[in-house]
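# Analysis of the macromolecular model
Residue-level listing of the chains:
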Number of protein chains: 2
Amino acid sequence: METLTIGEMAARSGVAPSALRYYEREGLLHAARTGGNQRRYERADLRRIAFIKIAQQVGVSLDEIREALAELPENRTPTKADWSRLSSHWRHRLEERIAMMERLRDQLTGCIGCGCLSLQRCTLINPRDRLASRGTGPQMILNPPRD
Amino acid sequence: METLTIGEMAARSGVAPSALRYYEREGLLHAARTGGNQRRYERADLRRIAFIKIAQQVGVSLDEIREALAELPENRTPTKADWSRLSSHWRHRLEERIAMMERLRDQLTGCIGCGCLSLQRCTLINPRDRLASRGTGPQMILNPPRD
DNA sequence: CTGCAACTTGAAGTGAACTTCAACTCAAGG
DNA sequence: CCTTGAGTTGAAGTTCACTTCAAGTTGCAG
């Protein structure tokens, strides 16, 4: 089994065929085609999909994921080193996000519980990078606790 | 200044007036009205909004936030104790989410970098509780590292 | 060769969380 | 009193990340 059909990819990755087609339209994924125009994926694409899923977990939009994936070589199958570089970048993102949530955790009870609370003292703000999550409205991040 | 207008609330909370009206339609917020039908908020509502923002940060949908807020007393201004109870619940959510992301972090480089990778070994799965984030598609969570 | 599950496409639909718009009313300073 | 910035409504629009649909095509097992 050299290549995988879209159905097989869906089964192995847990991502619906419709989503895989959507990712392709959005430029996150590319599949070779058979003579009859059916998609054929390589096993390496599973790694790509895993990356997409993980990045989404971290709260990154498909737009940003596309940009990140663009850093992978197009002419050859990405090597272990290529992926390491990319993942260490996201690892950074992840660390930041974790740190943010830890600060949130450490302040939550105190802030919400007491009269002080809130947007003033807890300094929930909207930074330029919206790591937080997709969604239209303003996204916020908890500032380092400094009060 | 006893009560706050919608504009003042927006300024103080960082949430747009349109969003505050939306929250009211969705039953997350309630404002008194002037004779002329304009909204007047109490300072306590800032706490409510802070809670909404924080819960969103954690990846909870407005639906679930509404349900949580329903546990607050309706007849009186929530006390410190009321808020503490609620926030400790979310603190739990937050802890879980942090733990999930830490597992993700610990496995990311190894999983993505090496040939093994992926959806098999890294066991990214879709649990019954979609803490993760809003969004339509299947949401996943990283299982406790057990390989 | 046939049958049928699995694939193809473009277009339209979905749900969450808002925003924008048009037309109108209110409230507060001068 | 009058002006003007802020507020009101319902309806429609937007973005993201997909899914669903209809109508047609492909590929493999028997």
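Details of the structure are given in the entry above.
This is a predicted model, so every value here is computed, not measured.

### A word on the overall build of chain A
- The helix and strand inventory of chain A stands at six helices and four strands.
- Written out in order from the N terminus, the α and β elements of chain A read α-α-β-β-α-α-α-α-β-β.
- Among the 147 residues that make up chain A, the fraction classed as buried is 48%.
- Within the structure as shown, chain A displays about 7,500 Å² of accessible surface, and the carbon and sulfur contribution to it stands at 47%.

### Observations regarding the protein's contact with DNA strand C
- The full set close to DNA strand C counts 24 residues, and G7(A), R39(A), S18(B), Y23(B) and Q56(B) are the nearest of them.
- Restricting the count to atoms of DNA strand C within 4 Å of the protein gives a sugar and phosphate share of 80%.
- A19(B) places a main-chain nitrogen or oxygen 3.2 Å from a phosphate oxygen of DNA strand C.
- The separation between a phosphate oxygen of DNA strand C and a polar side-chain atom of Y23(B) is 2.8 Å.
- At the level of elements, α1 (6–13) of chain A together with α2 (17–25) of chain B are the ones that each hand at least two residues to the surface near DNA strand C.
- Take the surface near DNA strand C: its biggest share by element is five residues, from α2(B).
- A per-class count over the surface near DNA strand C returns six nonpolar, 13 polar and five charged.

Calculation criteria
Residues numbered from 1 in each chain as written. Chains lettered and ligands numbered in written order. Predicted model: local features only at pLDDT ≥ 70, side-chain atom pairs only at ≥ 80, totals over all residues. Heavy atoms only, no water. Helix = DSSP H or I, 4+ residues; strand = E, 2+ residues; numbered from the N terminus. Buried < 20%, exposed > 50% of the residue type's maximum accessible area, 1.4 Å probe, protein only. Areas by Shrake-Rupley, 256 points an atom, 1.4 Å probe, with all protein chains shown as cover. Near = heavy atom within 4 Å. Polar contact = N/O pair within 3.5 Å; in protein donor to acceptor, adjacent residues only side chain to side chain. Nonpolar A, V, L, I, M, F, W, Y, C, P; charged D, E, K, R; others polar.

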